[in-house]
Amino acid sequence: MKKQKLDLKTIKAKLPELWQLLRRYRVLIFIVILFSIYSILVYRINVLNNQTPSQDDITAKLKTSQSPKIDQSVVDKIKQLQDNSVDVQSLFNQARNNPFQE
């Protein structure tokens, strides 16, 4: 085999041949590029989906979230109203028996 010297003139002479080759297979090249991008996206989504948070991340989120606090005076007032009204008492009993019914 004879080695060719790579210089600007030989590269310029080969460019039209390369361009014709690329034009001939442009649909195939496009499909291969599209499939490659799709494969990379599916792989990345799969990696991120299977990732579990570390214990440090969990504890940091638990520290920032606050549990709801109910004021004791509000609880006392609701109990007082429940004891005074028969309609409210039956409403509370119904809600206790079936909490998902409207």
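As the structure is a computational prediction, the values presented were derived from the model and not from experiment.

What about the overall build of the protein?
Phase 1 of the analysis: Secondary structure summary: the protein contains 5 helices and 0 strands in total.
Phase 2 of the analysis: Helices and strands in the protein line up, N terminus first, as α-α-α-α-α.
Phase 3 of the analysis: Per-residue burial over the protein gives 1% buried out of 102 residues.
Phase 4 of the analysis: Total accessible area on the protein is roughly 10,700 Å²; 62% of this is exposed by carbon and sulfur atoms.

As for helix 1 (residues 8-24)
Phase 1 of the analysis: An ideal rise of 1.5 Å per residue puts 24 Å on 17 residues; helix 1 measures up with 25 Å between its terminal C-alpha atoms.
Phase 2 of the analysis: The largest bend in helix 1 amounts to roughly 30° and is located at Leu15, with the proline Pro16 lying one to four residues further along.

Some points on the confidence of the model for the protein
Phase 1 of the analysis: Here the protein averages 83 in pLDDT, while 86% of its residues score no lower than 70.
Phase 2 of the analysis: Mean pLDDT across the elements of the protein ranges from a minimum in helix 5 (residues 86-97), with 72, to a maximum in helix 2 (residues 26-50), with 95.

Reading the values: rules and limits
- Residues numbered from 1 in each chain as written.
- Predicted model: local features only at pLDDT ≥ 70, side-chain atom pairs only at ≥ 80, totals over all residues.
- Heavy atoms only, no water.
- Helix = DSSP H or I, 4+ residues; strand = E, 2+ residues; numbered from the N terminus.
- Buried < 20%, exposed > 50% of the residue type's maximum accessible area, 1.4 Å probe, protein only.
- Areas by Shrake-Rupley, 256 points an atom, 1.4 Å probe, with all protein chains shown as cover.
- Expected span 1.5 Å × (residues − 1).
- Bend = angle between axes of the 7 residues up to and from the residue.
- pLDDT = per-residue confidence, 0-100.

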